[in-house]
Amino acid sequence: SLTDAAKGDLELPVDEETKAKKEEATKDLEEVCDWLKSTLTGKVTKVEVSTRLTDSPAALVQGAYGMSPTMQRYMKAQAVASGQEDMLNANMN
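Residues numbered from 1 in each chain as written. Predicted model: local features only at pLDDT ≥ 70, side-chain atom pairs only at ≥ 80, totals over all residues. Heavy atoms only, no water.

Caption draft 1: Focus on the overall build of the protein chain. Of regular secondary structure, the protein chain possesses four helices and zero strands. From first element to last, N terminus to C terminus, the protein chain shows the α and β order α-α-α-α. Put simply, the protein chain has 93 residues, and 8% of those count as buried. Contacts in the protein chain between residues far apart in sequence, at least 24 positions, make up 53% of those at least 6 positions apart. Of the roughly 8100 Å² that the protein chain leaves accessible, carbon and sulfur atoms contribute 53%. (Helix = DSSP H or I, 4+ residues; strand = E, 2+ residues; numbered from the N terminus. Buried < 20%, exposed > 50% of the residue type's maximum accessible area, 1.4 Å probe, protein only. Contact = heavy atoms within 4.5 Å. Areas by Shrake-Rupley, 256 points an atom, 1.4 Å probe, with all protein chains shown as cover.)

Caption draft 2: Structural view of the pattern of salt bridges. All chains considered together, the criterion is met by two salt bridges. Put simply, Lys21 and Glu17 hold a salt bridge, and the shortest N to O gap is 3.4 Å. Taken together, the positions of Lys21 and Glu17, both in helix α1 (residues 16-28) and four residues apart, correspond to about one turn of that helix. Using a relative accessible area of 53% as the deciding quantity, one classes Lys21 as exposed. Two residues, Glu48 and Lys46, come together in a salt bridge whose shortest N-O distance is 3.7 Å. Under the relative-accessibility criterion, Lys46 is labelled exposed at 58%. (Salt bridge = Lys/Arg side-chain N within 4 Å of Asp/Glu carboxyl O.)

Caption draft 3: Region of interest: the environment of Gln62. Mapped onto the fold, Gln62 is located in the loop between α2 (30-39) and α3 (69-82). Gln62 gets classed as partly exposed once you look at its relative accessible area, which sits at 23%. For Gln62 and Thr45, which are 17 residues apart along the polypeptide, the C-alpha to C-alpha distance reads 9.6 Å.

And the structure:
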């Protein structure tokens, strides 16, 4: 089956070595994660260490049931066309 890689609930198969590295990184970066959570309160739902990334330090992903950026653009275009842009902006923030 196909899975959206931009969603936060993506499960990738991991071996024991990768699992151990993630646990170690989670312990090492606990203070950084706590700082990010407190700094970004209200803007992010969760901060966690991931093995999904290889070349970049961070990624923003949608929640499992979050609206994709494409759907957000579509909804905004529909709201502008029907004159309800202010109401849509209040609901998306």
